[in-house]
Amino acid sequence: MVHVLSSRILLRPTDPERSRAFYGEQLGLSVYREFGTGPERGTVYFLGGGFLELSGRSDAPASPGPRLWLQVEDVTAACEELRARGVEIVRPPVREPWGLVEMWTADPDGTPIVLVEIPADHPLRYRPGI
């Protein structure tokens, strides 16, 4: 059995500086660490229980690429905050048929980002009899 000690999502953006501005300034992720020098230096951001690493450069966005699923406490407040920072909201918050509240945005290379709120009455938070 593999014993995973840590994990991260690795993105190779087409424009590292633009992606660092998006994830660090617009999305507001905190930097865990940076490595290397110059415009293509690596930057690792905290993602709750994991990490997001931007390193290297790609000539074109990955296709099909990864998707980021980020749980937040209040998706409506997050949407307002991101909109105020100039982030384009692809779809505003909607309560899905499966009970989660989701909003969609994307990074500068088009990587889909879903911000998710788990309501207090959702089965992920409440299990009868426990």
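Residues numbered from 1 in each chain as written. Predicted model: local features only at pLDDT ≥ 70, side-chain atom pairs only at ≥ 80, totals over all residues. Heavy atoms only, no water.

- Within an unreviewed UniProt entry, the label attached to the protein reads VOC family protein, and the organism entered is Streptomyces tricolor.

## Description of the pairing of strand β6 (residues 89-95)
Then, in step 1: Here four bridges tie β6 to strand β7 (residues 101-106), and the two strands are oriented antiparallel to one another. When the bridges of β7 are listed, I89 appears paired with T105.
Then, in step 2: Here β6 folds back onto β7, and the loop between the two strands holds five residues, one of which, G99, carries a positive phi near 95°. (Pairing = 2+ DSSP bridges. Helix = DSSP H or I, 4+ residues; strand = E, 2+ residues; numbered from the N terminus.)

## Overview of the pattern of salt bridges
Then, in step 1: Summed over the entire model, instances satisfying the criterion amount to nine salt bridges.
Then, in step 2: Note that D109 and R18 form a salt bridge whose closest N and O atoms lie 2.9 Å from each other. Here R18 lies in helix α1 (residues 16-26) and D109 lies in the loop between β7 and β8 (112-117), a separation of 91 residues in the sequence.
Then, in step 3: For D109, a relative accessible area of 17% corresponds to the buried category.
Then, in step 4: Among the ionic pairs, E81 bridges to R85, the shortest N-O distance being 2.5 Å.
Then, in step 5: Residue E81 is classed as partly exposed on the basis of its relative accessible area, which comes to 42%. (Salt bridge = Lys/Arg side-chain N within 4 Å of Asp/Glu carboxyl O. Buried < 20%, exposed > 50% of the residue type's maximum accessible area, 1.4 Å probe, protein only.)

## Concerning the nonpolar core
Then, in step 1: Ranked by size, the top nonpolar core spans 21 residues in total, and within it Y23, L27, L52, I113 and L115 carry the most contacts.
Then, in step 2: Where this core is concerned, the elements lending two or more residues are α1, β3 (42-47), β4 (50-54), β5 (68-71), α2 (75-84), β7 and β8.
Then, in step 3: Excluding anything up to four places from it in sequence, I113 contacts F22, Y23, L27, L68, L70, M103, W104, T105, A106 and D107. (Core = buried A, V, L, I, M, F, W, Y, C linked by side-chain atoms within 4.5 Å. Contact = heavy atoms within 4.5 Å.)

## Examining α2
Side chains three or four residues apart in an α-helix point the same way, a direct result of the helix having 3.6 residues per turn.
Then, in step 1: Among all positions in α2, only V75, A78, C79 and L82 are buried. Relative to the axis of α2, the buried residues are bounded by an arc of 100° and lie together on one face. Projecting away from the buried face of α2 at angles above 90 degrees are the exposed residues E80 and A84.
Then, in step 2: Looking at the packing, one finds that the buried side of α2 touches α1, β6, β7 and β8.
Then, in step 3: The backbone nitrogen of T76 lies 3.1 Å from a side-chain oxygen of the residue at the head of α2, namely D74.
Then, in step 4: Two residues or fewer past α2, G86 is found with a positive phi of approximately 90°. (Arc of directions from axis to C-beta. Polar contact = N/O pair within 3.5 Å; in protein donor to acceptor, adjacent residues only side chain to side chain.)

## Brief notes about the layout of surface pockets
Then, in step 1: Its boundaries defined by the atoms lining it, the largest pocket holds a volume of some 290 Å³.
Then, in step 2: For the lining of the largest pocket, the secondary-structure elements that each account for two or more residues are β5 and α2.
Then, in step 3: Per-class residue counts for the lining of the largest pocket are 10 nonpolar, three polar and two charged.
Then, in step 4: Of the pockets and cavities examined, the second largest pocket occupies roughly 200 Å³.
Then, in step 5: If you go around the second largest pocket, you meet 18 residues; those closest to its centre are L11, R12, A62, P66 and T111.
Then, in step 6: Listed by contribution, the elements that provide at least two residues to the lining of the second largest pocket are β1 (8-11) and α1. (1 Å grid on protein atoms, 1.4 Å probe; cavity = no way out; pocket = protein on both sides within 12 Å on 5 of 7 lines; lining within 4 Å. Points joined across faces, edges and corners; volume = space filled by probe spheres on them. Nonpolar A, V, L, I, M, F, W, Y, C, P; charged D, E, K, R; others polar.)

## Focus: the pairing of β4
Then, in step 1: Counted residue by residue, β4 has five buried out of five residues, so it is predominantly covered.
Then, in step 2: Burial along β4 is two-sided: the face carrying G50, L52 and L54 and the face carrying F51 and E53 are both buried.
Then, in step 3: Where β3 lies against β4, five bridges are found, and the strand directions are antiparallel. When the sheet's bridge partners are listed, L47 is paired in β4 with G50.

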